[in-house]
Amino acid sequence: MKLSENEWKIMNALWKSSPATAREIIEQVPGKVEWAYTTVKTMLSRLVAKEAVEEHKRGNVSFYKPLIAQEHTRRNALTDLFDKVLDSAVEPLMHFLIEEKKLSKKEREELIRMLEKEDREG
């Protein structure tokens with residue numbers, strides 16, 4: 001499933017806290033996003049149509065919760081990025097993580113731990 005940039009923002013908010021109303025989602029989206037209530041409702045309707053989100057009504061209020069798992073959705077997006085943008089090359093990704101993203105010491109240690117574990121198991 002492909003998600004737009006704004007759909008990712010909504011899904012990330014829902015993965016953090018759900019069920020949530022459209023107003024609660026607006027409050028949880030980080031950054032300087034200033035969406036109108038109707039814009040969020042439209043995006044939520046699209047996510048419902050994509051079967052990424054489920055809507056339940058309580059009276060006049062709609063509550064939304066994700067139907068797709070965050071880890072699975074991220075994995076698919078990263079696989080797509082890796083195959084299309086990086087042409088399945090690992091080196092540009094490693095360079096980006098180390099030089100551009102500036103991994104923290106903890107993140108570098110975790111990466112090393114994961115690679116060492118793969119060496120032992122692989």
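Higher on the page you've got the structure.
Residues numbered from 1 in each chain as written. Predicted model: local features only at pLDDT ≥ 70, side-chain atom pairs only at ≥ 80, totals over all residues. Heavy atoms only, no water.

**Some details on the packing of helix α1 (residues 5–16) against helix α3 (residues 37–49)**
Turning to step 1, where the next piece is worked out: Closest axis-to-axis distance for the α1/α3 pair is 10 Å, and the angle between their directions is 85°. Accordingly, the angle class assigned to the pair α1 and α3 is roughly perpendicular. Taking contact as the criterion, the partners of N6, E7, I10, M11 and L14 in α1 are, on α3, V40, M43, L44, R46 and L47.
Turning to step 2, where the next piece is worked out: Among the residues making up the contact of α1 with α3, the classes are represented as 7 nonpolar, 1 polar and 2 charged. (Axes fitted to C-alpha atoms, helices over the stretch in contact; angles between N-to-C directions. Helix = DSSP H or I, 4+ residues; strand = E, 2+ residues; numbered from the N terminus. Parallel < 35°, antiparallel > 145°, perpendicular 65-115°, else oblique. Contact = heavy atoms within 4.5 Å. Nonpolar A, V, L, I, M, F, W, Y, C, P; charged D, E, K, R; others polar.)

**Digging into the pattern of salt bridges**
If charged atoms from side chains of opposite charge come close, those side chains can pair.
Turning to step 1, where the next piece is worked out: Summed over all chains, the structure comprises 8 salt bridges.
Turning to step 2, where the next piece is worked out: Among the ionic pairs, E7 bridges to K50, the shortest N-O distance being 2.8 Å. A residue pair is termed long-range when its members are at least 10 positions apart, and E7 in helix α1 and K50 in the loop between α3 and β1 (53–58) qualify at 43 residues.
Turning to step 3, where the next piece is worked out: A salt bridge links R75 to E71; the nearest nitrogen and oxygen atoms lie 3.0 Å apart. One end of the pair is R75 and the other is E71, both in helix α4 (residues 70–84) and 4 residues apart, which spans about a single turn.
Turning to step 4, where the next piece is worked out: For R75, a relative accessible area of 47% puts it in the partly exposed group.
Turning to step 5, where the next piece is worked out: Its relative accessible area of 55% is what places E71 among the exposed residues.
Turning to step 6, where the next piece is worked out: When salt bridges with common partners are traced through the structure, they connect K2, D80 and K84 into a single cluster. (Salt bridge = Lys/Arg side-chain N within 4 Å of Asp/Glu carboxyl O. Buried < 20%, exposed > 50% of the residue type's maximum accessible area, 1.4 Å probe, protein only.)

**A look at the packing of α1 against α4**
Turning to step 1, where the next piece is worked out: Where α1 contacts α4, the two axes come as close as 11 Å, and the packing angle between them is 150°. Judged by the angle between their axes, α1 and α4 are roughly antiparallel. Here the hand of the crossing between α1 and α4 comes out left-handed. Here W8, N12 and W15 of α1 come into contact with α4, specifically with Q70, T73, R74 and A77. (Left-handed = near helix turned anticlockwise from the far one by under 90°.)

**Quick look at the packing of aromatic side chains**
Turning to step 1, where the next piece is worked out: A full pass over the atoms with the stated rule returns 1 aromatic pair.
Turning to step 2, where the next piece is worked out: In this arrangement the basic side chain of R58 is found over the ring face of F63, its NZ or CZ atom lying 4.0 Å from the centre. (Phe/Tyr/Trp six-rings, centres within 6.5 Å; stacked < 30°, edge-to-face > 60°. Lys NZ or Arg CZ within 6 Å of the ring centre and 35° of its normal.)

**Comments concerning the pairing of β1**
Turning to step 1, where the next piece is worked out: Of the pairings in the sheet, the one linking β1 to strand β2 (residues 61–66) comprises 6 bridges and is antiparallel in character. Each residue of the ladder has a partner; that of E55, found in β2, is Y64.
Turning to step 2, where the next piece is worked out: Counted along the chain from β1 to the antiparallel partner β2, the turn is 2 residues long, and its residue G59 has a positive phi close to 65°. (Pairing = 2+ DSSP bridges.)

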